Amino acid sequence: MDFQKNRPIVCVQGLGFVGMAMAIAVADAKNKSGEPFYNVIGVDLPNEVGLDKINSINNGELPLVSNDEDLLAAFNRVMAQGNLKATSDPKVYGSASIVVVDIHLDVIELEDGTHSASFGGFRKALQTVGEEVQPGTLILVETTVPPGTCEKVVVPEFNAAMAARGYDEDSLLIAHSYERVMPGKEYYKSIVKFWRVYSGATDAAAEAAEAFLSKVIDVQNFPLTRLHSTTASETAKVLENSYRAANIALIQEWGAFAEAVGVDLFQVLDAIRVRPTHNNIRQPGFGVGGYCLTKDPHFVDIGARELFDIPDMDFSFCKLAMAANKKMPLTALHKVKKQLGGNLTGKTILLLGVSYRQDVGDTRYSPSEPFVVTAENEGATVICHDPLVDFWEELERPVFMDIPSLKGIDAVVFAVQHKEYQELDIVEWVKTNDLVLLDANNVLTQNQVFEIAKHDLNIEFIGKGIK
Ligand SMILES: NC(=O)c1ccc[n+]([C@@H]2O[C@H](COP(=O)([O-])OP(=O)(O)OC[C@H]3O[C@@H](n4cnc5c(N)ncnc54)[C@H](O)[C@@H]3O)[C@@H](O)[C@H]2O)c1
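Numbers given to residues run from 1 along each chain, matching the order in which its sequence is written. Where local features are concerned, this predicted model is filtered to residues with pLDDT of at least 70; where side-chain atom pairs are given and counted, the filter is 80 or more; whole-chain, interface and lining totals use all residues.

What follows deals with unusual backbone geometry. With a phi angle near 50°, E396 is a residue other than glycine that sits in the positive phi range. Tracing the backbone shows E396 in the loop between β13 (391-392) and β14 (397-398). Under the DSSP-based scheme used, a helix requires at least four consecutive residues in state H or I and a strand at least two consecutive residues in state E, with every element numbered from the N terminus.

Structure follows, in structure tokens:
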């Protein structure tokens, strides 16, 4: 692959939400004289979706929807510099000094109710790299994986691939550093101006990872943390997300209590957050979605059983949290059904928000999905709106991007805190109290709620009781 200037090459394997942004960040990294450190090649699969991303990049178009101006500006800079290209040809790994692994690793539910990970595809992806890379290359795994994966899967796979080509074992530098990227308004900053944890399979690998990350991330203001083993840094990622999932799950039962006894739990939580030890307590809502919190808490159990052969650890908090979070959108549906008299047949619901969180257009594992599927199974029609989604891939249906009229609508459910909903003049829009409203995610502002109460509209809330 031709670049105008000769620089060390970084290949980023996987051009998804993480790899795409990381590839831009690496290409945008510059020395004190403003000269880019690297030429970057993004690699994805030669299927329809992968080729679309590759062609977009090579045509100068960002292959994802984002409202983060920093990310768009960085993409335009690297396109002007000409140091980011994309391909599906694995041969390019042979030219790399560094390979960053940003592919997915899914959790699979087995017939007996236990969970496993899609290690087959993951191993295959590592093998394509192992068939091409040169000894001495840094392989930085950023994919979220069960603890033990680098030690028990990644290192053995690369050793076998290198041995098959006549190279010594441990001729590659294998390291782990997990992403904390947050697609949304701070997408780009969440990579280049955010703290990172890393580790190496060997000291030399850890040193190489530190040197690389220090060029891409603002480590003066966001220092790196080195952990003593790859299993430790893999554990850190999985525990971080399990903690958040459990924090959310805990609050759900308090939300239900608040609704039952006429308390506004959001005010209660604001009062608690004043205490610095409790300032990240979560809040009730519509559900937990996205690719990470819906799968990562399973990884500790998978790592223990499948990688460390420890079959008897229960991880009941993680399991309970995952089950509680999965139920959340159905709790909202149950509530709206009750508001509609206990029967959804023939009713039309307008669902406001189908992405998994505000300011992102990502619908993977969105809690809106089970809400819609269950409502329709119970005889309702659901009309969907989202300012950032025009087509909902998972449910294969178009989505309104302009807020529709309420003609024929029986219930409106506010599911995602998109700013468009907070700017609505609800009273003017709704006009009548013939339909019911459910704020399922603390979407409406105090002023909107005040106006709704003043006009006696029929509204209920998740996490707030009305007395
Ligand atoms: N999305 C997030 O907000 C986020 C945040 C932190 C960490 N993570 C983690 O980062 C990893 C990637 O997440 P994502 O959201 O970018 O996933 P994604 O599904 O959007 O992207 C993965 C990409 O890898 C590609 N791919 C798969 N196998 C490949 C192969 N053999 N060669 C080349 N490309 C291949 C896929 O085609 C896809 O484009 C996951 O482990 C995820 O848990 C994600």
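As a further point, take the site of the ligand. Lining the immediate surroundings of the ligand are 24 residues, of which G14, G16, V18, A125 and T144 lie closest. Taken together, the elements giving at least two residues each to the shell around the ligand come down to α1 (17-28) and α4 (119-130). Residue contributions to the shell around the ligand peak at three residues, all from α1. Contact assignment follows one rule, namely that a residue is near a molecule or strand if its backbone-placed C-beta atom lies within 6 Å of it.

As used throughout, domain bounds are those supplied by an automatic or database domain assignment. The assigned domain composition of the chain is domain 1 (9-227) and domain 2 (241-461). Taking the mean C-alpha position of each, domain 1 and domain 2 sit 32 Å from one another. Every element with two or more residues in the side of domain 1 that touches domain 2 is listed here: β6 (115-117) and α5 (149-164). Any residue that is not Ala, Val, Leu, Ile, Met, Phe, Trp, Tyr, Cys, Pro, Asp, Glu, Lys or Arg is counted as polar, Gly included; the first ten are nonpolar and the last four charged. Grouping the constituent residues of the side of domain 1 that touches domain 2 by class yields eight nonpolar, seven polar and three charged.

At least two bridges found by DSSP between two strands is the condition for calling them paired. Spatially, β3-β2-β1-β4-β7-β8-β9-β10 is the arrangement adopted by the eight strands of the open sheet, whose pairing is mixed. The open sheet has two edge strands, β3 (84-87) and β10 (225-226), and neither has a second partner. Alignment of strand β7 (residues 138-141) against strand β8 (residues 173-176), held across four bridges, turns out to be parallel. In the strand pairing of β8, I139 is matched with I174. Residue pairs qualify as contacts under a 7 Å threshold applied to their C-beta atoms, which are placed from the backbone. Fitted lines through C-alpha atoms give the axes, limited to the stretch in contact for helices. The angle between two N-to-C directions lies from 0 to 180 degrees. Along the sheet face, helix α7 (residues 203-216) touches β4 (98-101), β7, β8, β9 (197-200) and β10 and points at about 145° away from the line of β9.

As a further point, take the nonpolar core. Core analysis: the biggest nonpolar cluster contains 124 residues, and A21 and V413 have the highest contact counts within it. For this core, the leading source of residues is α1, giving 10 residues. Looking at this core, you find at least three residues from each of domain 1 (9-227) and domain 2 (241-461). We call a set of buried Ala, Val, Leu, Ile, Met, Phe, Trp, Tyr and Cys residues a nonpolar core when their C-beta atoms link them within 7 Å. For every residue, the other C-beta atoms within 10 Å of its own C-beta are counted; 20 or more classify it as buried, 12 or fewer as exposed, and values in between as partly exposed. C-beta atoms are placed from the backbone.

Looking now at the pairing of strand β1 (residues 9-13). Burial analysis of β1 places five of its five residues in the buried class, which makes it a mostly covered element. Pairing of β1 with strand β2 (residues 39-43), which is carried by five bridges, proceeds in the parallel orientation. In the sheet register, V10 faces β2, and the bridge partner there is V40. With α1 bridging β1 and the parallel β2, this β-α-β connection has right-handed handedness. Every crossover in which the path from the first strand over the helix to the second runs clockwise, viewed with the strands pointing away from the viewer, is termed right-handed.

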